[in-house]
Amino acid sequence: MAGPEPPQGVDLLVNLSKKFGVEKSLLQLFLDQVSSDRTGGNGGITTFEVDELIEWMIPKPCGHELIRIGGSGDGAYLVPDDLSGIEACFSPGTNNYKYFEDTLATDFGIKSFMCDFTSSVEKFHTPLIKGMQSFEKKWLDVSASPDNLDINNWVAANSAPDTDLMLQIDIEGAEYRNLLHATDETLTRFRIIVIELHGLAYLSKEEFREGIFGPVIQKLSRHFTCVHAHPNNCCGVTVHGGAAVPSVFELTLLRNDRRRPGGERLELPNRLDVVNVDRLPPISLEGPWLKHADAEASLAQATENRLAWLEKQVTLLVDDKAKRVKRDELSDFLIRRCLPNANLARGKRTRQSAADKSVRTSEAFAGVRDSGRGIRTDKHASPWWSIDLGAVYELDGIVVYNRTRGKPLCARGLRVQASSDGEGWVQIARHRAKTSFGGHELLNGIGPFFVNCKKMKARYVRLVGAGETMLDLEDVEIYGSIASD
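Residues numbered from 1 in each chain as written. Predicted model: local features only at pLDDT ≥ 70, side-chain atom pairs only at ≥ 80, totals over all residues. Heavy atoms only, no water.

A.B. asks: Residue-level account of the overall build of the protein, with values.
C.D. replies: Helix and strand counts for the protein come out as 10 helices and 23 strands. Residue burial in the protein is summarised as follows: out of 485 residues, 53% are buried. Pairs at least 24 residues apart make up 74% of the contacts formed inside the protein by residues separated by at least 6 positions. For the protein, the accessible area works out to roughly 21700 Å², and carbon and sulfur atoms hold 49% of it. (Helix = DSSP H or I, 4+ residues; strand = E, 2+ residues; numbered from the N terminus. Buried < 20%, exposed > 50% of the residue type's maximum accessible area, 1.4 Å probe, protein only. Contact = heavy atoms within 4.5 Å. Areas by Shrake-Rupley, 256 points an atom, 1.4 Å probe, with all protein chains shown as cover.)

Below, the structure written as structure tokens:
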């Protein structure tokens, strides 16, 4: 029987299909197998619209307590406490760390089969556990090659046909083609899947949804429910369908027959979650992601995580004797004032100059600490960026975070100005050092640029670059209280 026509957008897959290795023949095979799903025939998602794809990724209660496997750093994951009876874990993309697999072996008696062409046994930080762990220096991939493993053959060759398994997969974008290639017989062997999804910055692109991401989620949705979601803070977020979606997203999936009714509402983040990249702020899930979560408890946990991260940054700055920064200033701005919504700049309307002399606007500012992109202008004479706080405030202070991995020298000579009406501007500070300043990371021992506003009344704040330059900043934080009449 002929399969359905490829969904709209497949013919546009030239670049993205190459990037993620999803060939048209593989996509067509999947469409032939699940054509009835597009009309709701077998359950699961039925369209590849952004909202429905996001809806499936929203964690739901599973009736099992979540436990952390794999230590306290990157590579640790939360899974349901439903491991009894699982024969083995299959882990493609091990890299040189296998703490997850070590914990499965020592604490739960679960074997692991691992593969990664970029690694070798000699590079592992912990030795293979005899009789419990096996490693092959190969890729997990769909094409026949001596250097590749086929997921269906790999699973069949290393497990009994009637046992439950676990899949832990982090293979930098290759997850899509391998999951499309996996048969339903192979997929449903996995009781639990822990997967790191890559490339979600493309989610608003039809060719990514229709030809790569959507088919994979549709395939998974027929058998699995997302029970936990953790943003990897390595790569920020992008906004799709009104939701801030992490560009790299760690999901824990539980096979539908293992879900139990009831269970407490979730907390996102979970208290057991860990930050993947210590130097970057944690990303909090908000809005639609909390649909099945206790919003108040989630906010409290997100705040606690944020405070812990900020306190660590203060300690690092003080320990490294950051120039021009005193501990009391750091504590005041970054600890005592970092509760939710304390930063007046968050979500406010901004304007900025452009090289063509136009003015660009944004309705809701977000720096990298709030999972946004910060500030970046074109290069031209005296570039500026301004923000409307929405009311007149007595300003306590302003913190400007330079993008140390961008073009940090552009911030030399930065001027900070304030205004009550957006027309008459008063300069309240200027960076005068010969070198630049830092941001979330130190720059030559220097931390962020702190401005003591001394209760100055203003509604607008403006940053102005010195000379022919550009603004390239991670964050601007503004603290104060509403001005009395």
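A.B. asks: Can you break down the sheet that holds strand E13 (residues 249-255) residue by residue, with the values?
C.D. replies: Note on sheets: strands pair through backbone hydrogen bonds, and any given pair is parallel or antiparallel. One open sheet accounts for seven strands, arranged E5-E4-E3-E8-E9-E13-E10; its pairing is mixed. In this open sheet, the two strands that pair with only one neighbour each are strand E5 (133-136) and strand E10 (224-231). Direction aside, the axes of adjacent strands within the sheet are offset by 15° on average. Contacting strand E3 (86-92), strand E4 (111-115), E5 and strand E8 (164-169), helix H4 (residues 99-108) runs over the sheet at an angle of about 160° to E8. (Pairing = 2+ DSSP bridges. Axes fitted to C-alpha atoms, helices over the stretch in contact; angles between N-to-C directions.)

A.B. asks: Would you mind going over the pairing of strand E21 (residues 449-464) in detail, with residue names and values included?
C.D. replies: When strand E18 (residues 384-402) meets E21, the two strands line up antiparallel, connected through 12 bridges. Among the inter-strand pairings, Trp385 is bridged to a residue of E21, identified as Leu463. For strand E19 (residues 415-419) and E21, the ladder comprises five bridges, and the chain directions are antiparallel. Bridged to Gln417 within E21 is Arg462.

A.B. asks: Tell me what's going on with the pattern of salt bridges, and back it up with residues and numbers.
C.D. replies: This model, assessed by the stated rule, comprises 16 salt bridges. Ionic pairing is found between Arg376 and Asp472, a salt bridge with its closest N-O pair at 3.0 Å. Of this pair, Arg376 sits in strand E16 (residues 375-376) while Asp472 sits in strand E23 (residues 472-482), placing them 96 residues apart in sequence. Within the structure, one salt-bridge network assembled from shared partners comprises Asp82, Asp164, Arg191, Arg255, Asp257 and Arg258. (Salt bridge = Lys/Arg side-chain N within 4 Å of Asp/Glu carboxyl O.)

A.B. asks: Any details on the environment of Arg255? Residues and values, ideally.
C.D. replies: Looking at the element boundaries, Arg255 is found in strand E13. Under the relative-accessibility criterion, Arg255 is labelled buried at 10%. For the pair Arg255 and Phe224, spaced 31 residues apart in the sequence, the C-alpha separation amounts to 4.3 Å.

A.B. asks: Requested: an account of the nonpolar core, with residues and values cited.
C.D. replies: Core analysis: the biggest nonpolar cluster contains 58 residues, and Met57, Tyr176, Phe213 and Leu251 have the highest contact counts within it. For this core, the leading source of residues is helix H8 (residues 206-221), giving six residues. Setting aside chain neighbours within four positions, we find Met57 in contact with Leu197, Leu200, Phe213, Cys226, Ala229, Phe249, Leu251 and Trp289. In terms of nonpolar packing, the next biggest core, distinct from the first, is built from 28 residues, Leu344, Trp385, Tyr393 and Ala411 among them. (Core = buried A, V, L, I, M, F, W, Y, C linked by side-chain atoms within 4.5 Å.)

A.B. asks: Give a description of the packing of helix H3 (residues 50-57) against H8 that names residues and reports values.
C.D. replies: Where H3 meets H8, the closest approach of the two axes is 11 Å, and the angle between their N-to-C directions is 40°. Accordingly, the angle class assigned to the pair H3 and H8 is oblique. H3 and H8 meet at a crossing whose hand is left-handed. Side by side, H3 and H8 meet where Val50, Leu53, Trp56 and Met57 of the first sit next to Arg209, Phe213, Gly214, Ile217, Leu220 and Ser221 of the second. Residue composition of the contact of H3 with H8, by class: seven nonpolar, two polar and one charged. (Parallel < 35°, antiparallel > 145°, perpendicular 65-115°, else oblique. Left-handed = near helix turned anticlockwise from the far one by under 90°. Nonpolar A, V, L, I, M, F, W, Y, C, P; charged D, E, K, R; others polar.)

A.B. asks: Before we move on, could you go through the confidence of the model for the protein and cite the residues and values that matter?
C.D. replies: Scored by pLDDT, the protein has a mean of 86; 87% of the residues are at 70 or more. Contacts for the low-pLDDT stretch residues 1-14, under 50 throughout, to residues beyond four places or in other chains number 22 contacts. In this model, residues 321-328 is a region of pLDDT below 50 whose contacts with residues beyond four sequence positions or in other chains number 13 contacts. (pLDDT = per-residue confidence, 0-100.)

A.B. asks: Just give me the short version of the pairing of E13, but keep the residues and values in it.
C.D. replies: Within a regular beta strand, the side chains point alternately toward one face of the sheet and then the other, so they alternate between its two faces. Counting buried residues along E13, seven of its seven residues qualify, which places the element largely inside the surrounding structure. Residue alternation in E13 divides its side chains into two sets, Phe249, Leu251, Leu253 and Arg255 and Glu250, Thr252 and Leu254, and both sets are buried. Here strand E9 (residues 190-197) runs beside E13; their pairing, made up of six bridges, is antiparallel. By the bridge assignment for E13, Ile192 is matched with Leu254. Sheet topology note: the E10/E13 ladder contains seven bridges and is antiparallel. Directly across from Pro231, in E13, lies its bridge partner Phe249.

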